[in-house]
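# Architecture at a glance
Single-letter residue listing:
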Amino acid sequence: MNKKIAVYPGSFDPLTYGHLEIIQRTSKLFDEVIVAVADNLSKKSTFSIKQRLDMISQTTKHLKNVKIKTFKGLLVEFMKKNNAKVIIRGLRAVSDFEYEFQMSLMNRRLYPDIETVFLVPDEKFIFLSSSLVKEVVRLDGDVGEFVPDVVEKQMRKKFKKRGISHSLGKIVKNLD
Ligand code: COA
């Protein structure tokens, strides 16, 4: 049988409930879902590729048809290697549309066999983004309703460490 494989690409820096919800919806629609974590974005990432993969695999372990992989370079090359023809993207708001539209057309130009399927997230998560969640944690706000526990713990650990080295840096500067 030809398995229907969908690829959900992103930076997942880190994964939020918004991403998880899209993964869950996709896992009901396809035989296999590959969460493809981009490793060469122009965007500087907060979490290492290993940390991002670990957080996603801990959060999705109950979904038996979900695999997590990392990729470098073009998404379409990753699709070919994995024998996948469907890209999944979440459309949160009209503002996502233009970028998504361009990306989808470019990907199709690069690999005409591909289709991009857009899923509409639960409205609870429409305003969510990884950067916003990081900002709330940095400012010591509560993010329990936006990210899984394991992600929240990792974020608190990371920003606490940074906070300490930032404060130490300030102390050393003041001593100079
Ligand atoms: N719920 C919550 N947040 C979501 C979300 C959802 N359903 N969907 C997207 N987001 C957030 C992301 O967390 C991210 O937030 P941030 O900017 O604060 O970190 C933001 O929305 C943008 O996410 P997304 O649009 O998925 O971009 P991305 O940077 O995560 O991933 C790639 C983009 C990796 C898919 C794309 O750059 C790519 O394919 N790169 C490979 C190279 C390539 O082939 N380039 C040619 C493409 S045409």
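Refer to the preceding data block for the structure.
Residues numbered from 1 in each chain as written. Predicted model: local features only at pLDDT ≥ 70, side-chain atom pairs only at ≥ 80, totals over all residues. Heavy atoms only, no water.

### A few points about the site of the ligand
Just so we agree on the cut-off: If a single non-hydrogen atom of a residue is within 4 Å of a molecule or strand, that residue counts as near it. Definition of a polar contact: a pair of N or O atoms within 3.5 Å, with one able to donate and the other able to accept a hydrogen when the atoms are protein atoms, and with sequence-neighbouring residues admitted only if both atoms are side-chain atoms. Accessible areas in this description were obtained via Shrake-Rupley with a 1.4 Å probe; residue shielding takes into account the shown protein chains only. Helix and strand assignments come from DSSP, with helices taken as H or I runs of at least 4 residues and strands as E runs of at least 2, each series counted from the N terminus.
The local shell around the ligand holds 26 residues, among which Ser11, Leu75, Arg89, Ser130 and Ser131 are the closest. Between the ligand and arginine 89, the relevant distance is 2.6 Å, taken from an oxygen atom to a side-chain nitrogen or oxygen of the residue. Contact between the ligand and arginine 92: an oxygen atom at 3.0 Å from a side-chain N or O atom of the residue. About the coverage of the ligand: the protein hides 84% of its 950 Å² of free accessible area. Elements that contribute at least two residues to the shell around the ligand include exactly strand E1 (5–10), helix H1 (17–29), helix H4 (94–110) and helix H5 (130–138). Looking at which element gives the most residues to the shell around the ligand, the answer is H4, with 5 residues.

### Observations concerning the packing of aromatic side chains
Put simply, the test is: Think of it this way: a Phe, Tyr or Trp ring, Trp meaning its six-membered ring, pairs with another when their centres are within 6.5 Å, and the plane angle makes it stacked under 30 degrees, edge-to-face over 60, tilted otherwise. To sort residues, take the accessible area from a 1.4 Å probe on protein chains only and compare it with the maximum for the residue type: under 20% means buried, over 50% means exposed, and anything in between is partly exposed.
All chains considered together, the criterion is met by 5 aromatic pairs. Between phenylalanine 97 and phenylalanine 101, the ring centres sit 5.2 Å apart and the planes meet at 20°, which makes this aromatic pair stacked. Remark: phenylalanine 101 and phenylalanine 97 occur in helix H4; sequence separation between them is 4 residues, near one turn of the helix. For phenylalanine 97, a relative accessible area of 43% gives the class partly exposed. On the basis of an interplanar angle of 85° and a centroid distance of 5.8 Å, the ring pair of phenylalanine 127 and phenylalanine 146 is categorised as edge-to-face. Separated by 19 residues along the polypeptide, phenylalanine 127 in the loop between strand E5 (115–119) and H5 and phenylalanine 146 in the loop between H5 and helix H6 (149–175) bring together distant segments of the chain. Look at phenylalanine 127 and you get partly exposed, because its relative accessible area is 46%. A relative accessible area of 15% places phenylalanine 146 in the buried class.

### Side note on the sheet that holds strand E3 (residues 66–71)
Strand pairing in a sheet takes place through backbone hydrogen bonds and is either antiparallel or parallel in direction. We apply this condition: One bridge is not enough; two strands pair if DSSP finds at least two bridges between them. In this analysis an axis means a line fitted to C-alpha atoms, helices contributing only their contacting stretch, and an angle means the value between N-to-C directions, from 0 to 180 degrees. A contact between two residues is defined here by any heavy atoms of the two lying within 4.5 Å.
Spatially, E3-E2-E1-E4-E5 is the arrangement adopted by the 5 strands of the open sheet, whose pairing is parallel. Two strands in the sheet have a free side with no partner beyond their single neighbour: E3 and E5. Averaged over all adjacent pairs, the angle separating strand axes in this sheet is 30°, with direction ignored. Where E1 and strand E2 (residues 32–38) come together, 6 bridges link them in parallel fashion. Bridged to isoleucine 5 within E2 is glutamate 32. Helix-sheet contacts for H4 involve strand E4 (86–90) and E5, and the interaxial angle to E4 is about 170°.

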